[in-house]
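So the chains spell out like this:
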Amino acid sequence: MTAVPALSRPKRMSATPGQIALALAIAAFLLFFLVLPVATVIYVAFTEKGTNSFTLINFYDFFRTELFIRSFWNSVYVSAMSVVWASVFALPLAYLTTRFVFRGAAIVQTLGFLPLIMPPFVGAVAMQLFFGRNGSINLLLDDWFGFKIGFMEGLNGVIFVQSVHYFPFILINLSAALRNIDRAMEEAAQNLGSSGFRLFRRIVFPLAMPGYLAGASLVFVKVFDDLATPLLLNVKDMLAPQAYLRVTSIGIADPMGYVIAVVLIVASVVAMWLSALALKGRDYATTQRGGGGLAKRVMSPTEAIFGYGVVILILALVLAPHLGLLLLSFATIWSYSPLPDAFTVAHYARVFGESSIYIKNTLIYASLAGGIDIVLGVAIAYLVLRTKLVGREWLDWTASAALAIPGVVLGIGYLRTFYGITLPDGTPLASLWITIVLALAIRRLPYALRACHAALQQISVSLEEAAENLGATKSRTVRRVVVPLMAGGILAGFVTSFSTAAVELSATLMLVQSNSDAPLAYGLYVFMQSAAGRGPGAALGVVAVILVAACTFLSHLIIERSQKAKGMGH
Amino acid sequence: MNAIAPLATKAVAVDIEGINLSYGTNHVLKNVNLAIRPGEFFAFLGPSGCGKTTLLRLIAGFNQADTGQVRIGGQDISTLPPWKRDVGMVFQSYALWPHMTVRKNVAFGLEERGVARAEIERRVGIALDLVGLGHLGDRRPSQLSGGQQQRVAVARTVAVEPKVLLLDEPLSNLDAKLRVQVRRELRDLQQRLGLTTIFVTHDQEEANTICDRIAVMNEGIVQQVGTPMELYERPANLFVANFLGTANILEGKVVGSGTERAFEVKGGAKLPIPGDVAVPTGAKLVFRPQHATLGAAGAAHAGQVALPGRIAHREFLGSSMRYGVAIGETEVSVDLPFQSGGDLHEVAAPVSLSLSPRTALWLER
């Protein structure tokens, strides 16, 4: 990082010494915990085992191995189909709730979030019960019509689970984009003779395209990187599971895991680059003057029946995992029957008895990760927006680049990089629980950074100048004026980091060394792998959902109250 | 005149009859009746919230009236959706689609109408040439200046050869200098196309300079319809008198009768009223600043009546001097032409304000 002040003109230093020190500290952190592990992964992928000389032989091996090629195409297929199905779920919900006078639009939008606060692999178990070969739906179909549908067979199962889990990304982004379209854009088209589906296809959807693509590329990348869902559904010939299996079964020295990791990174970057490319040269913001969103139309009775029908059907589908999980957590035995045989609370007793360590660990890890993220987020946002420090954008870009690094890649990178580093008593750094916290913090940093960036952007510089004019130093101004005003945004960033870190598994699956250090998501994964563990696992899953939902709700309350107190509320 | 073949536009009348429109308890348009003639450049003029934009959007089909109908060329269009009305609207924000080039924007309406490709190309070319932007067809809206964007919006609308052209505050997003130029261009274009055009504005100068007739609106009611000169010289009520130009309003009552008849201004001063001037009871005396003169105290010009007053302040306007004159409790403005070396009235000096009772207006409300 180049934080060197202009020496020839010492009076015009680009920043105070304190700011330079801060920037260097952040740079060191990012370098050590993000750049170095990823660089290590890439380095290992391109070097010959044992000799450390540059080679492409590992990639040659990769492309020669039929299993890997099949895994690659399976991953591409599953990710693409997940985007398609997620769009099928999200489009009607977004369109109906933003374009029409729709009773319960707020409820639909809120329920649409729910799938996100549960690890997708947990949903996979619940969906097996409803949609699996011997799940409720197929048992009923078999009874009534004498056939079954393979919703959950092989890759279909992964696609089904992933699209139900990740469609909120499209819903959220697309709804926001639809709401931001100037009403005059639509009216101008109507005025020129356009209506109905043509109007949607030619004007409304293209204008919402940035939002849709942002959501769709996120879904693609997330599905491509996800490890636990395919593993839990016993689908091994996909890329992320292959990387995990290579490293855990053959060992950390096997180069093939690293090659797969590089392919995962490239796929992530390419997906994001393609979505950016699709929008290149199209300036959507400049001519839209914020006309209060699209006109809301009242539906005709037929439209209303159809509309509500579609919404209820989709909501039932995407909430099925939650319902299934809840039933499972109270079920004694649930097998070969549409509903459980009997109900019990024994699973919860067991979870709170012997598994409370998971809950405690999760709270600690996610809080620490969230804390690190907002400290870094505020610092980076401040350096970028409020100083002229040379190279400050690099901090921003590097921190945001974490978005393109799959969890499994970061996990492998940490293992490889920090196994060599040992503490005085001989334990490797990689096996300490703090490594899990750092991995989570790096993974969630982009979210917290965006929240802090947005919060700081809304604060007028003149408020800080007034404080300085009255005698406050830069650091005291930050402490007494900037941070209090950013509180809402900071808390929002913390919640995003906390709640997603609490259910993250991709990176942690690699890094958890002992059961006593394991977070909730790991515990869930272990439980869910055996039939006997499903009950307690489901109970733990319900606890996780409630935990995350409660924390999110609580922080919303706090944000709203503080906004109101400052007179910034709506 | 342009050498290119003009678009096939023809002039039709727009008739608005008995329109009422409410949002909940808010009565936005109250029994609006207007007859706009074929080929006319017509303005809806009024302060913000007067209902002028609501009325324009109602003609375009974006608002639904509770009662009444809108006829274009004799045909009732009240129940047609916006896309079947064939009225071209230029939006205040221009509403150019950022994901399309200028050419695609202009071609849009023709494509929606299923016009043949060659014909689309021809008409897009004509429309763009008409607004002088033929060379910028491949740009994106964001690459154009505000004035150019406005012209694209106009081209996009006239390309479909609409029956009526609706302009919603088309000059409000332009800077002052450009506004004068663009309004002349709009007028010129309208004359060339012969298109019935309705122009919504809150700026009386815009309406006065380019429109044939104006409907002045306030609180959802059409106050008066007329040419700019009629409205200025014979305003139907105090609102119109005040909204178009500056108007002095003196409250008072008629006292005496016959040759003794006079208007007693609030505060005591009396103004004799000639016998042949009819003054409705409860009327206020209204006159423009340039319709009065000032003289030394006690003096009166021939054929005029005089009121005693005192100079409260004065403002130099370049070609004229505007005096604020206190008449009793009221202050009025009087504009006198400025001549270099001419005598000026000093602040606090007593003066005599004279005006002709025949050019003054007597308005009840």
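As the structure is a prediction and not an experimental result, all values here were calculated from the model.

### Considerations on the confidence of the model for chain B
All names here are of chain B.
Item 1. Averaged over all residues, the pLDDT of chain B is 88; the fraction at 70 or higher stands at 97%.
Item 2. Mean pLDDT across the elements of chain B ranges from a minimum in strand β14 (residues 270-272), with 80, to a maximum in strand β9 (residues 213-218), with 96.
Item 3. Counted against residues more than four places away or in other chains, residues 1-5, with its pLDDT under 50, gives five contacts.

### Here we look at the sheet that holds strand β2 (residues 26-36) of chain B
Residue and element names in this part refer to chain B.
Item 1. With respect to topology, four strands assemble into an open sheet ordered β2-β1-β4-β5, the strand pairing being antiparallel. The open sheet is flanked by β2 and β5 (75-76), the only strands paired with a single partner.
Item 2. Pairing analysis gives five bridges linking strand β1 (residues 14-23) to strand β4 (residues 67-72), with the strands arranged antiparallel. Pairing of N20 across the sheet is with T67, part of β4.
Item 3. Sheet contacts for helix α1 (residues 52-60): β1, β2 and β4; angle to β2, the most-contacted strand, approximately 65°.

### What to know about the environment of H556(A)
Residue and element names in this part refer to chain A.
Item 1. Note on placement: H556 falls in helix α23 (residues 534-565).
Item 2. Residue H556 is classed as partly exposed on the basis of its C-beta count, with 13 C-beta atoms lying within 10 Å.
Item 3. Residues H556 and G471 lie 85 residues apart in sequence; the distance between their C-alpha atoms is 35 Å.

### With respect to the interface of chain A and chain B
Where interface size is quoted, it is often the accessible area lost as the parts come together.
Item 1. On the side of chain B, 22 residues touch chain A, which itself brings 22 residues to the contact.
Item 2. Mapped onto the side of chain A that touches chain B, the elements with two or more residues apiece are α8 (183-191) and α9 (196-225) of chain A.
Item 3. Sort the elements by how many residues they give to the side of chain A that touches chain B and α8(A) lands first, with seven residues.
Item 4. Residue composition of the side of chain A that touches chain B, by class: nine nonpolar, eight polar and five charged.

### Digging into the pairing of strand β6 (residues 87-90) of chain B
Residues and elements named next belong to chain B.
Item 1. The side-chain alternation of β6 yields two buried faces, one formed by V87 and M89 and the other by G88 and V90.
Item 2. Summarising the sheet, β6 and strand β7 (residues 164-168) pair through four bridges and their orientation is parallel. Its bridge partner lying in β7, G88 is registered against L165.

### Quick look at the domain arrangement of chain A
Residues and elements named next belong to chain A.
Item 1. When the domains of chain A are assigned, the result is domain 1 (24-54 + 345-570) and domain 2 (56-339).
Item 2. The C-alpha centroid of domain 2 is placed 24 Å from the C-alpha centroid of domain 1.
Item 3. At the level of elements, α1 (17-45), α17 (407-419), α22 (520-528) and α23 are the ones that each hand at least two residues to the side of domain 1 that touches domain 2.
Item 4. For the side of domain 1 that touches domain 2, the element with the highest residue contribution is α23, accounting for ten residues.
Item 5. Across the side of domain 1 that touches domain 2, the residue classes tally to 27 nonpolar, six polar and four charged.

### Remarks on the packing of helix α2 (residues 102-112) of chain B against helix α4 (residues 146-158) of chain B
Residue and element names in this part refer to chain B.
Item 1. Running from N to C, α2 and α4 point in directions that differ by 30°, and their axes come no closer than 7 Å. The angle between α2 and α4 falls in the class roughly parallel. When you trace α2 past α4, the crossing you get is right-handed. In this structure, α2 contributes V102, N105, V106, F108 and G109 to the contact, and α4 contributes V152, A155 and R156.
Item 2. Looking at the contact of α2 with α4 residue by residue, the class counts come to five nonpolar, two polar and one charged.

### Quick look at unusual backbone geometry
Residues and elements named next belong to chain B.
Item 1. Despite not being glycine, Y94 shows a phi value in the positive range, around 70°.
Item 2. Even without being glycine, A95 reaches a positive phi, approximately 50°.
Item 3. What makes A95 buried here is the crowd of 28 C-beta atoms within 10 Å.

### Some details on the confidence of the model for chain A
Residue and element names in this part refer to chain A.
Item 1. Considering every residue of chain A, the mean pLDDT works out to 82; 92% of them sit at 70 or more.
Item 2. Ranking the helices and strands of chain A by mean pLDDT puts helix α3 (residues 66-99) first, with 91, and helix α4 (residues 105-113) last, with 76.
Item 3. Counting interchain partners and residues more than four positions distant, the pLDDT-below-50 stretch residues 1-12 has 19 contacts.
Item 4. The low-confidence segment residues 285-292, where pLDDT is below 50, has 15 contacts with residues more than four positions distant or belonging to other chains.

### Some thoughts on the sheet that holds strand β21 (residues 361-363) of chain B
Residue and element names in this part refer to chain B.
Item 1. One open sheet holds the three strands; their spatial order is β11-β15-β21, and the pairing between them is antiparallel. Only two strands of the sheet have a single neighbouring strand rather than two, namely β11 (248-250) and β21. Within this sheet the neighbouring strands show an average axis-to-axis angle of 30°, counted without direction.
Item 2. Summarising the sheet, β11 and strand β15 (residues 284-287) pair through three bridges and their orientation is antiparallel. Bridge pairing in β15 places I249 opposite V286.

The rules behind the values
Residues numbered from 1 in each chain as written. Chains lettered and ligands numbered in written order. Predicted model: local features only at pLDDT ≥ 70, side-chain atom pairs only at ≥ 80, totals over all residues. pLDDT = per-residue confidence, 0-100. Helix = DSSP H or I, 4+ residues; strand = E, 2+ residues; numbered from the N terminus. Contact = placed C-beta atoms within 7 Å. Pairing = 2+ DSSP bridges. Axes fitted to C-alpha atoms, helices over the stretch in contact; angles between N-to-C directions. Buried ≥ 20, exposed ≤ 12 C-beta atoms within 10 Å, placed from the backbone. Nonpolar A, V, L, I, M, F, W, Y, C, P; charged D, E, K, R; others polar. Domains from an automatic or database assignment. Parallel < 35°, antiparallel > 145°, perpendicular 65-115°, else oblique. Left-handed = near helix turned anticlockwise from the far one by under 90°.

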